[in-house]
Amino acid sequence: QKTEKDKAFDLLDALSRSGSLAIACAELHVILGVTHCFEKSVMETVIEDNTNPIEKIDRSMFMIASTIHNVGVNKLMEGAPEEKLLRLGTDTLLVS
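By convention here, each chain's residues receive numbers from 1 onward along its written sequence. Totals for whole chains, interfaces and linings use every residue, but because this is a predicted model, local features are given only for residues with pLDDT of at least 70 and side-chain atom pairs only at 80 or more, for both listing and counting. Remark: hydrogens and water are excluded; side-chain values derive from all non-hydrogen atoms of the structure.

Draft legend 1. Quick peek at the overall build of the protein. Only DSSP runs of H or I with at least four residues qualify as helices, and only runs of E with at least two residues qualify as strands; both kinds are numbered from the N terminus onward. In terms of regular secondary structure, the protein is built from 5 helices and 0 strands. What you see in the protein, going N to C, is helices and strands ordered as α-α-α-α-α. Considering only residue pairs separated by 6 or more positions, the protein has 34% of its internal contacts joining residues 24 or more positions apart. Summed over its atoms, the accessible surface of the protein is roughly 8100 Å², and 57% of this surface lies on carbon and sulfur atoms. Only heavy atoms matter for contacts: two residues are in contact if any of them lie within 4.5 Å across the pair. Using a 1.4 Å probe, accessible areas were evaluated by the Shrake-Rupley method; residue-level cover was limited to the displayed protein chains.

Draft legend 2. Just helix α1 (residues 2-15), in detail. Expected helix span is taken as 1.5 Å per residue step, with the number of steps being one fewer than the number of residues. Between its first and last C-alpha atoms α1 spans 20 Å; for 14 residues at 1.5 Å apiece the expected length is 20 Å, and the two agree. With 0 of its 14 residues buried, α1 lies for the most part at the surface. Immediately beyond the C-terminal end of α1, within one or two residues, lies arginine 17, with a positive phi of roughly 55°. Each residue gets one of three labels from its accessible area relative to the maximum for its type: buried under 20%, exposed over 50%, partly exposed in between, using a 1.4 Å probe on protein chains only.

Draft legend 3. Up close: the environment of isoleucine 23. Checked against the element boundaries, isoleucine 23 lands in the loop between α1 and α2 (42-48). Classification of isoleucine 23 as partly exposed rests on a relative accessible area of 48%. Distance in space between the C-alpha atoms of isoleucine 23 and leucine 12 is 9.9 Å, their sequence separation being 11 residues. Once residues lying within four places of it in the same chain are set aside, the contact partners of isoleucine 23 are Leu12 and Ser16.

Draft legend 4. Region of interest: a nonpolar patch on the surface. Each patch is built from residues that are more than 30% exposed by relative accessible area and take part in no salt bridge. Like charges join if they lie within 9 Å; nonpolar side chains (Val, Leu, Ile, Met, Phe, Trp, Tyr) join within 5 Å. Salt bridge criterion: a side-chain nitrogen from Lys or Arg within 4 Å of a carboxyl oxygen from Asp or Glu. Taken together, the side chains of Leu28, Val30, Leu32, Val34, Met61 and Ile68 make up a nonpolar region of the molecular surface, amounting to roughly 620 Å² of accessible area. Within the secondary structure, methionine 61 sits in helix α3 (residues 53-69). Residue classification places methionine 61 among the partly exposed residues on the basis of a relative accessible area of 35%.

Below is the structure:
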């Protein structure tokens, strides 16, 4: 990891001519890859457990977004329909 970080800083140093060339505008894009594992197949989860697997994914996405943005889930959920809040079980997620 340190080697890759050093390579990135070396590239930035080369592009900016060791800081003599100003970088007026820059953006940083971060891509996260996330997978979800279920104990059962999606169809078994829906039929046998009568559970919507999308709600579990939504719940984990809110937790990830909360971490990235350093904002509580309750702040992210402001303005969300009440039925969605109840479906996601946000009482267990409401952390400031």
